[in-house]
Amino acid sequence: MALSHLNLLRPVLYRSLPSVFRIPRLTSSRVSFLPQVSQCPVALPNYARHYATKKSKAKAKGQTAKVNINAALVEDIISLEEVKEDMAAVLAALKEDFSRNLSVRTSPGALDHITVTTKDGKFPLNQLGQISMKSPQLLVVNMTGFPEAMVAVTRALRESSMGLNPEVEGTIIRVPVPKVTREHRENLAKLAKQFSNKSKDSLRRVRSNAISQVKKSKDAVSDDTIHLIEKQIQQMTDSFTADIDKQLATKTKELLG
């Protein structure tokens, strides 16, 4: 009797239960499943793996993480501001050399870069003789102060890349200035390249001296700190090297026309 009553109540109980708890209904002849639970869309976690492309890998490989150390935190090890000032001085000297010594216009400073080798050492020409301009096509070097260097100065002028042919008159050296030809412009551009290379050498010396100073503190600070400071110094060097290249490109374009 109880089982009969239960069978009568089963449809009511079935409708009152959530769909996830519905169970198959037994009949006398077979197991008959009630209608399947309605399926609702379920959001599944996204397990898709994103693989880096060759292009993105190459881009990541070419990039260097930037370092920006607070100078105050490492001032006991090295003054990064002084390192930056030394590098800035190298760049400023290059700009001055370009402005004073490399121009298609004649000026007394056009001979300043020439180095004279004497028995007492190497000296810039402007330290041995007084250079003046008599006309746009003529420079004069007065060697009254160092007459013993006359031969050395004359040789240095002839062997320079400027195509000069000096004429000696007592303690006076007359230097006719070549006309502004394409060859002369190209020679000035070569000098600009030499100046920029010397500036890069000076930058490397500043960098080397700075890193040597940092390594002296390796017993007092961690290797990671040393590495970060060295990386900061290298970034500064790279930045000023790029500035030198820009100055050279601008000057070369000006000289070659």
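First, a word on what this report is: a plain description of the structure on this page. (Residues numbered from 1 in each chain as written. Predicted model: local features only at pLDDT ≥ 70, side-chain atom pairs only at ≥ 80, totals over all residues. Heavy atoms only, no water.)

Counted according to the given criterion, the structure contains five salt bridges. For D245, the salt bridge identified is with K200, shortest N-O distance 2.7 Å. With a gap of 45 residues between them, D245 in helix α7 (residues 223-256) and K200 in helix α6 (residues 182-215) connect regions that are remote in the sequence. For D245, a relative accessible area of 35% corresponds to the partly exposed category. On the basis of relative accessibility, which here comes to 17%, the residue K200 falls in the buried class. Its salt-bridge partner being E254, residue K251 comes within 3.1 Å of it at the nearest N-O pair. One end of the pair is K251 and the other is E254, both in helix α7 and three residues apart, which spans about a single turn. In this structure K251 comes out as buried when scored by relative accessible area, which is 8%. Take E254: its relative accessible area is 46%, and that puts it in the partly exposed class. (Salt bridge = Lys/Arg side-chain N within 4 Å of Asp/Glu carboxyl O. Helix = DSSP H or I, 4+ residues; strand = E, 2+ residues; numbered from the N terminus. Buried < 20%, exposed > 50% of the residue type's maximum accessible area, 1.4 Å probe, protein only.)

Within the fold, N142 resides in strand β6 (residues 138-142). Taking C-alpha positions, N142 is 4.8 Å from I172, a pair spaced 30 residues apart along the chain. In this structure N142 touches G129, Q130, T171 and I172, once residues within four positions along its chain are discounted. (Contact = heavy atoms within 4.5 Å.)

Spatially, four strands are ordered β5-β6-β8-β7 in an open sheet, and the strand pairing comes out antiparallel. Two strands close off the open sheet at either side, each with one partner strand: β5 (130-135) and β7 (167-169). This sheet shows a mean twist of 25 degrees between the axes of neighbouring strands, independent of strand direction. Pairing geometry for β5 and β6, over five bridges, is antiparallel. (Pairing = 2+ DSSP bridges. Axes fitted to C-alpha atoms, helices over the stretch in contact; angles between N-to-C directions.)

Counting residues in hydrophobic clusters, the biggest one holds 51 residues, and the most contacted among them are L111, L125, V153, L157, I229 and I233. Breaking this core down by element, the ones donating at least two residues are α3 (80-101), α4 (125-128), β6, α5 (150-159), β8 (172-176), α6 and α7. It is α6 that contributes the most residues to this core, nine residues altogether. (Core = buried A, V, L, I, M, F, W, Y, C linked by side-chain atoms within 4.5 Å.)

Don't take any of this as a statement about function, it's just geometry.
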